Amino acid sequence: MRTAAYVYSGWHPIPERDAAFHPGFTEWELVAGCRPRFPGHQQPKTPLLGAYDDRDPIELGRRLQLALAHGIDAFVFGVFWCRGKRVFEQGLDAGFLRSAVGGTAPFACMWANRMPRRVLPVTRADLPVLDPSRFVPSDVDDFVRFVAMLASNYFARPNYLTVGGRSYLSIFDSTFFVKELGVDGARAAVTAARRWLADHGHRDLHLAAIEPNADALPLVRAIGFDSVTHYVFLPDWKGPFEQDYATMAALRAQMWPAFAERAGLPYMPAVATGWDASARGADFGDARPDKYPWWPVVTGEHPERFAQALARARAFRSPVGGVDDPLVLVASLNEWSEGHYLEPDERFGTGWLQACRR
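Because the structure is a prediction, the values reported are computed rather than measured.

## Comments concerning the overall build of the chain
Assigned secondary structure in the chain consists of ten helices and 14 strands. Computed over its C-alpha atoms, the radius of gyration of the chain comes to 19 Å, within 12% of the 21 Å expected for a compact globule of 358 residues. Dimensions of the chain along its principal axes, counting C-alpha atoms only, are 55 × 45 × 45 Å. For the chain, buried positions account for 57% of its 358 residues. Restricting the contact set of the chain to residue pairs at least 6 apart, pairs at least 24 apart contribute 76%. Placing the 39 positive and 41 negative side-chain charges of the chain at their respective mean positions leaves the two points 2 Å apart.

## Details of the pattern of salt bridges
Going through the model one piece at a time under the given rule, you end up with 20 salt bridges. The partner of Asp 325 in a salt bridge is Arg 2, and the shortest N-O contact between them spans 3.6 Å. Taken together, the residues Asp 325 in the loop between α9 (303-315) and β12 (327-331) and Arg 2 in strand β1 (residues 2-7) connect sequence positions 323 residues apart. Its relative accessible area of 24% is what places Asp 325 among the partly exposed residues. The class for Arg 2 is partly exposed, based on a relative accessible area of 23%. What you see here is one network of salt bridges that share partners, running through Arg 17, Glu 27, Arg 280, Glu 335 and Glu 338.

## Structural notes on helix α5 (residues 140-155)
The periodicity of an α-helix, 3.6 residues per turn, causes residues three or four places apart in sequence to face the same way. Among the residues making up α5, those that are buried are Asp 142, Phe 143, Val 144, Phe 146, Val 147, Ala 148, Met 149, Leu 150, Ala 151, Tyr 154 and Phe 155. The N-terminus of α5 is capped by Asp 139, whose side-chain oxygen sits 3.2 Å from the backbone nitrogen of Asp 141.

## Comments concerning the packing of helix α8 (residues 245-263) against α9
Packing of α8 against α9 leaves a shortest axis separation of 10 Å and a crossing angle of 5 degrees. One element, α8, and the other, α9, form an angle in the roughly parallel class. Residues Tyr 245, Ala 246, Ala 249, Ala 250, Ala 253 and Trp 256 of α8 touch α9, and the partners they reach there are Arg 305, Phe 306, Ala 309, Arg 312 and Ala 313. The residue makeup of the contact of α8 with α9, split by class, is nine nonpolar, no polar and two charged.

## Topic: the confidence of the model for the chain
Put simply, the chain has an average pLDDT of 97, and 100% of its residues get 70 or more. Of all the helices and strands in the chain, helix α1 (residues 15-20) carries the lowest mean pLDDT, 96, while strand β4 (residues 107-111) carries the highest, 99.

## Let's talk about the pairing of strand β6 (residues 166-171)
With five of its six residues buried, β6 lies for the most part within the structure. In the sheet, β4 pairs with β6 via three bridges, with the strands oriented parallel. Following the sheet pairing, Met 110 is matched in β6 by Ser 170. Where strand β5 (residues 162-163) lies against β6, two bridges are found, and the strand directions are antiparallel.

What counts as what
- Residue numbers run consecutively from 1 along every chain, following the written order of its sequence.
- The model is predicted, so local features are restricted to residues of pLDDT at least 70 and side-chain atom pairs to those at 80 or more, both for listing and for counting; the totals for chains, interfaces and linings are taken over all residues.
- As a rule here, side-chain values come from all non-hydrogen atoms in the structure, and water together with hydrogens is ignored.
- Numbering goes from the N terminus for both helices and strands, where a helix is a DSSP run of H or I of at least four residues and a strand is a run of E of at least two.
- The globule rule used here is 2.2 Å times the number of residues to the 0.38 power, and the radius of gyration it is set against is calculated over C-alpha atoms.
- In this scheme, a residue with accessible area under 20% of its type's maximum is buried, one over 50% is exposed, and one in between is partly exposed, where area comes from a 1.4 Å probe on protein chains only.
- Residues count as neighbours in contact if any of their non-hydrogen atoms are within 4.5 Å of one another.
- His is not counted, nor are the chain ends; Lys and Arg add positive charge and Asp and Glu add negative charge.
- Where a charge lies is defined by one atom per residue type: Lys uses NZ, Arg uses CZ, Asp uses CG and Glu uses CD.
- Here a salt bridge means any side-chain nitrogen of Lys or Arg lying within 4 Å of a carboxyl oxygen belonging to Asp or Glu.
- Polar contact is defined as a pair of N or O atoms within 3.5 Å, subject to the rule that within protein one atom must be able to donate a hydrogen and the other to accept it, and that residues adjacent in sequence are counted only when both atoms are side-chain atoms.
- Structural elements are reduced to axes, namely lines fitted to C-alpha atoms, with helices fitted over the stretch in contact, and the angle between N-to-C directions of any two is expressed from 0 to 180 degrees.
- For classification, angles of less than 35 degrees are called roughly parallel, those exceeding 145 degrees roughly antiparallel, those between 65 and 115 degrees roughly perpendicular, and all remaining angles oblique.
- Following the grouping adopted for this structure description, the nonpolar residues are Ala, Val, Leu, Ile, Met, Phe, Trp, Tyr, Cys and Pro, the charged ones are Asp, Glu, Lys and Arg, and the polar ones are all others, Gly among them.
- As a per-residue measure, pLDDT tells how confident the predictor is, with possible values from 0 to 100.
- Two strands make a pair as long as DSSP finds a minimum of two bridges between them.

Okay, structure coming up:
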């Protein structure tokens, strides 16, 4: 069993955010500017090694090497694609692939099938959590083009991550993918992508559905997915504002078998170091909205409790099998603005990484 950490590649300026916010904007501004919003609130979350531009292969490589030295086996990079348009690709293409470990460290891709927010911090409580402008439309031809791009740029590399000898690819919003294309359209898209890979001499896919909802979960096997997993599976999104880390991590672990059983597919467990997206939302004080990014906040997070959660994940065996070399997915290496990261911070030093090594 290997441990793979998700990587958020949004730590550099892009033209879309320059236009929406100001030239040179990155979410480091949100991270540094966040302040405690209730007694005991652990903000700001400050990186011990400092803020960095993830296009820089030296700075990103330094952090990747630390993770590899502490038991992380692979990295799963978010890839933003919308009908041929890409954003944040330089975190992967320049920062990782040109780093000292870019040719050797196992890595994979997750289709982050949403576009970045145009307002940060979020200031309107009366708008939907996911603005329709952020939806990523797709169809059979588009999905084939996407997979072909991944195959040419990434799958063909000798250090691309495989599961069961197949190139690992996950879809972040698998529910939207299924809902938009329908069962028949999604199945046709996956089948056509696999055919393209075979026709062009590439390995087959291991396609993972991330967090399909109750309606989509029973459908993913028929569509052609090979496993089910999560990105952040920690807080109860409709639960109380403050949620205890140890309690929630244990509760979520109890739910893992049901995902496999309902999907009829192997479940690959997902753990997170914490959850606190306060940095992405304006401070409403006690009148905070009861939705993302203000609600909920996981409290009581600690490397020792994370180590326990990770040990549970590594000991887990899916009740529906079929994968001899499964993954444990960790959120994340560096999503500081959502409060889950392995990189050293000023509060615990290298504690999160030490937990992985243990």
